[in-house]
Amino acid sequence: MYGWNGKLLRVNLSKNKAAVQKYDEGIARNFLGGRGFAIKFLWDELKPGIDPLSPENRLIFAAGPLTGFALPSSGKLVVAAKSPLTGGYGDGNLGTYAAVQMRKAGYDAIIVEGKAKKPTILLVQDRLTQFLDAGDFWGLNSFETERRLREVYGSTAGVLCIGQGGENLVKFANIVCQRGRAGGRPGMGAVMGSKNLKAVVIVGSGELSAAYPKDLKELGSEAYREILTKPPYAFWKRQGTMMTIEWSQENSVLPTCNYREGVFEKAEAIGGFTMEKLKTSQRGCPNCNMTCGNVIKDSDRKESEIDYENVAMLGSNIGLGNLRRVATLNRIADELGLDTISLGNVIGFAMEASEKGLIEEKVSWGKFKETKALVEDIAYRRGLGNILAEGVRFAAEKIGGDSSRWAMHVKGLEASAYDCHAAPAMALAFATSPIGAHHKDAWVISWEVKVGRESYDEEKVDKVIEFQRIRGGVFEALTVCRLPWIELGFELEWYTKFLHAATGLKVNSEDLNVIADRIYALIRAFWVREFGKNWSREMDVPPARWFEEPLTKGALKGAKLDRTKYDDMLRMYYQKRGWDERGIPTKTTLERLGLKDATKKLKKHVKLSE
Ligand code: PTT
Ligand code: SF4
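Just so you know, these numbers come straight off a predicted model, no measurement behind them.

1. Regarding the overall build of the protein
And step 1. Of regular secondary structure, the protein possesses 26 helices and 17 strands.
And step 2. By the compact-globule yardstick of 25 Å for 610 residues, the protein fits well, its C-alpha radius of gyration being 22 Å.
And step 3. When its C-alpha atoms are laid out on the principal axes, the protein stretches across 60 × 55 × 50 Å.
And step 4. Sorting the 610 residues of the protein into buried and exposed places 65% on the buried side.
And step 5. Counting contacts in the protein only where the partners sit at least 6 residues apart, residues at least 24 apart contribute 70% of the total.
And step 6. Approximately 21,100 Å² of the protein is accessible, and the part contributed by carbon and sulfur atoms is 49%.
And step 7. Side chains of the protein give 88 positive and 76 negative charges; the mean places of these two sets differ by 3 Å.

Shown next, in the form of structure tokens:
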């Protein structure tokens, strides 16, 4: 095989054993890598119904066939497991040296199973795997953990670690690397913590072999040059994702005070231009020449790397209009290893619950000190923090009243930073995303704002599926950053050329769509298998607030979603995907996508439509 290493490392923490395994070439061709590998392995290996925080769960780090080659933004990997937050499939995408080092060490994926008897660091140096005592590391935050490990293993070693959030099994704890890159929103850090795994360190010294190395090298150089010529490049380098704050405000989609509104009176104070004035440096992922991690000094005079999602969720969504303070909350979240999106979401929820008298604790909109203390309470599971650490779905069940109407999640994953009162396509994207309400798969909102907000027509359903295929299927399986394409207009054709030069595979966009659909269908099958008779199409419906409580401010005052029209759109979506009226892939669809085995297994849990 070219492009792929054809091997994975299987680690059993209960037995302190690691084995190198070959995997079938068909898996590479049918699932490509990253998310494709993750769902294939989870589907094949997990017994349905296991506790996600038990030793039986698998924590998978998976790269793709382009990862680690000298190609634009190819330093990413997918981390996946059964999610403790949602109970379904969970993953995230990290820009990290660990991606490059894992591939150089000779592996396309690392599958971690079991549970270490005591806190452990997994050290992978090419063929040598060691289980190091992490007793001195347990209790340290992620930055300090990484700093100490880098002192020993060097500045370009791959280091993935958890903070106290993951140790304490906060359901939305994530995995942190490089002091400010973080991934695995649906509790991948908690899965790592449940395995007593404090960190994974990877150092590889091998060379990746390409089918056409000379072509790949030339393509890579040409592509890096091409990126520099793209008109949006200069502004991207100035602001990165932070430019979205102003855009969201202008278009009434900036989540404000637990998604009650789409405009925030202090948006400018937390926006991209304010960030530019405070910016001290820029960081990024390996192999990237359009680095976008903007670093500012926070209110504690410490460095914090901020992105749109962090700032919207820990700023406008909790009523906080001071960027340095927002950056402090963001930095603390990174240190503790908590997903900033879910964190801002549960805090906004708690503030609303406090305002409505549903909880005794006083947490008020925009109050920085109270919020800072609450963030730590969540990580250490103290008082109200212990409830919020279970995620917003659980918190709403616990505090009762009508709070489930304004608990902003889909399938248990807290919504990311786009208000959808007036964005039906984006609402459909959140509702049908394979991990819950995350924008990664179909970020259609920018397109939707251009074509018109009001309609619920077929064009919107088509766009959601098109984006899910490209972003959630192709980019997550190739496991390269999608931002060159979506932000700069770096053409998709480059990726088929890269794939050909790296692997020898000649594929066109139609072939890639089939792979994407296969990945989507298998992820859907995974959810349905886990939920069995409890699975229902209601799981593909966005939060009630967007249907029930209109916006009261801004240009779109009065706007809300229409449930009947949304249901029609969802029905259309299912038909186009070849899923039945419950949102379950039909037998014909599964077989057309080469998932005959899934048909057999799924039949044991639900009745399949023909
Ligand atoms: C991603 C989600 C995002 S998406 C952001 S900001 W964004 C938040 N970042 C967090 C953070 O930081 N610290 C923290 N403690 N929690 C955080 N949670 C949130 O996590 C990220 C970039 C970004 S910045 C985006 S959009 C793109 N995402 C990509 C993707 O998903 N796939 C892909 N092929 N390419 C992508 N490129 C971009 O990568 P999750 P990163 Mg991320 C501080 O992890 O779980 O996928 O959730 O990984 O290396 O930081 O890169 O406005
Ligand atoms: Fe990482 Fe940003 Fe570069 Fe993408 S564009 S690879 S997120 S630094």
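2. Thoughts on the coordination of the magnesium atom of ligand 1
And step 1. Donor atoms from the protein around the magnesium atom of ligand 1 number only one, Asn93 (O), found at 2.8 Å.
And step 2. Inspection of the secondary structure puts Asn93 in strand E5 (residues 89-95).

3. Describing the packing of aromatic side chains
And step 1. Summed over the entire model, instances satisfying the criterion amount to 22 aromatic pairs.
And step 2. When the ring centre of Trp138 is taken as origin, the NZ or CZ atom of Lys198, which lies over that ring, is 6.0 Å away.
And step 3. Over the aromatic face of Trp527 sits the side chain of Lys411, whose NZ or CZ is 6.0 Å from the ring centroid.

4. Brief notes about the domain arrangement of the protein
And step 1. Domain assignment breaks the protein into domain 1 (7-203), domain 2 (237-417) and domain 3 (419-489 + 508-610).
And step 2. Computed over C-alpha atoms only, the centres of domain 2 and domain 3 are separated by 25 Å.
And step 3. Each side of the interface is counted separately: domain 2 has 31 residues, and domain 3 has 38 residues.
And step 4. Summing both sides of the interface, domain 2 and domain 3 together bury roughly 2,700 Å²; the carbon and sulfur share of this comes to 62%.
And step 5. Joining domain 2 to domain 3, the criterion identifies three salt bridges.
And step 6. At the junction of domain 2 and domain 3, the tally comes to 14 residue pairs in polar contact (both at pLDDT 80 or more).
And step 7. Listing elements by their share of the side of domain 2 that touches domain 3, those giving two or more residues are helix H13 (340-355), strand E16 (409-410) and strand E17 (413-414).
And step 8. Among the residues making up the side of domain 2 that touches domain 3, the classes are represented as 17 nonpolar, six polar and eight charged.

5. Concerning the site of ligand 1
And step 1. The local shell around ligand 1 holds 32 residues, among which Asn93, Gly95, Asp334, Asp339 and Glu476 are the closest.
And step 2. Measuring from an oxygen atom of ligand 1, one finds a backbone N or O atom of Gly184 at 2.7 Å.
And step 3. Between ligand 1 and Asn310, the relevant distance is 3.2 Å, taken from a nitrogen atom to a side-chain nitrogen or oxygen of the residue.
And step 4. Residue assignment for the shell around ligand 1 shows that the elements contributing at least two residues are E5, strand E11 (181-183), helix H11 (308-314), helix H12 (323-336) and H13.
And step 5. Here the shell around ligand 1 takes four residues from E5, the largest share from any one element.

6. Examining the sheet that holds strand E14 (residues 293-297)
And step 1. Taken together, the three strands give an open sheet; going across it, the order is E13-E14-E15, and neighbouring strands pair in antiparallel fashion. The two strands at the open ends of the sheet, each matched to only one other strand, are strand E13 (279-283) and strand E15 (303-306). Each adjacent strand pair in this sheet contributes to an overall mean axis angle of 35 degrees, direction not counted.
And step 2. Of the strand pairs in this sheet, E13 and E14 are connected by four bridges, and their pairing is antiparallel. By the bridge assignment, Lys279 is partnered in E14 with Ile296.
And step 3. Here H12 sits on the sheet and contacts E14 and E15; the angle it forms with E15, its principal contact strand, is near 90 degrees.

7. Some remarks on the sheet that holds strand E6 (residues 109-113)
And step 1. Sheet architecture is open: six strands sit in the order E2-E1-E6-E3-E4-E5, paired in mixed fashion. Of all the strands in the sheet, just strand E2 (17-22) and E5 have a single pairing partner and so form its edges. When the angles between neighbouring strand axes are averaged without regard to direction, this sheet yields 20 degrees.
And step 2. Bridge analysis of strand E3 (residues 59-62) against E6 gives four bridges, and the strand direction is antiparallel.

8. As for the pairing of E14
And step 1. With four of five residues buried, E14 lies mostly within the body of the structure.
And step 2. Inspection of the sheet shows E14 paired to E15 by four bridges, in the antiparallel sense. Considered in E15, the bridge of Val295 is made with Glu305.
And step 3. Once E14 ends, the chain turns through five residues before running back antiparallel as E15, passing Arg301 with a positive phi of about 65 degrees.

9. A few points about the site of ligand 2
And step 1. Taken together, the neighbourhood of ligand 2 is formed by Ser73, Lys76, Arg181, Gly284, Cys285, Cys288, Met290, Thr291, Cys292, Cys481 and Leu483.
And step 2. Classifying every residue of the shell around ligand 2 by side-chain character gives six nonpolar, three polar and two charged.
And step 3. Counting contributing residues per domain, the shell around ligand 2 is built from domain 1 (7-203) and domain 2 (237-417), each supplying no fewer than three.

10. A closer look at the pattern of salt bridges
And step 1. Considering all chains together, one arrives at 54 salt bridges under this definition.
And step 2. One salt bridge connects Glu355 with Arg260, and the closest N-O pair in it is separated by 2.4 Å. Here Glu355 is found in helix H13, whereas its partner Arg260 is found in the loop between helix H9 (244-250) and helix H10 (272-278), with 95 residues between them in sequence.
And step 3. Given the relative accessible area of 23%, Arg260 is considered partly exposed.
And step 4. In this structure, Arg331 engages Glu335 in a salt bridge whose closest nitrogen and oxygen atoms are separated by 3.4 Å. Separated by four residues within a single helix, Arg331 and Glu335 lie in helix H12, roughly one turn from each other. In this pair, the class of Arg331 matches that of Glu335, namely buried.
And step 5. Connected through shared salt-bridge partners, Arg260, Glu352, Glu355, Lys356, Arg545 and Glu549 make up one network.

Conventions adopted
Residues numbered from 1 in each chain as written. Chains lettered and ligands numbered in written order. Predicted model: local features only at pLDDT ≥ 70, side-chain atom pairs only at ≥ 80, totals over all residues. Heavy atoms only, no water. Helix = DSSP H or I, 4+ residues; strand = E, 2+ residues; numbered from the N terminus. Rg over C-alpha atoms; globule rule 2.2 N^0.38 Å. Buried < 20%, exposed > 50% of the residue type's maximum accessible area, 1.4 Å probe, protein only. Contact = heavy atoms within 4.5 Å. Areas by Shrake-Rupley, 256 points an atom, 1.4 Å probe, with all protein chains shown as cover. Lys, Arg positive; Asp, Glu negative; His and termini not counted. Charge placed at Lys NZ, Arg CZ, Asp CG, Glu CD. Donors = N, O, S within 2.8 Å, 3.2 Å for Na, K, Ca; no water. Phe/Tyr/Trp six-rings, centres within 6.5 Å; stacked < 30°, edge-to-face > 60°. Lys NZ or Arg CZ within 6 Å of the ring centre and 35° of its normal. Domains from an automatic or database assignment. Buried area = accessible area lost by both parts, 1.4 Å probe. Salt bridge = Lys/Arg side-chain N within 4 Å of Asp/Glu carboxyl O. Polar contact = N/O pair within 3.5 Å; in protein donor to acceptor, adjacent residues only side chain to side chain. Nonpolar A, V, L, I, M, F, W, Y, C, P; charged D, E, K, R; others polar. Near = heavy atom within 4 Å. Pairing = 2+ DSSP bridges. Axes fitted to C-alpha atoms, helices over the stretch in contact; angles between N-to-C directions.

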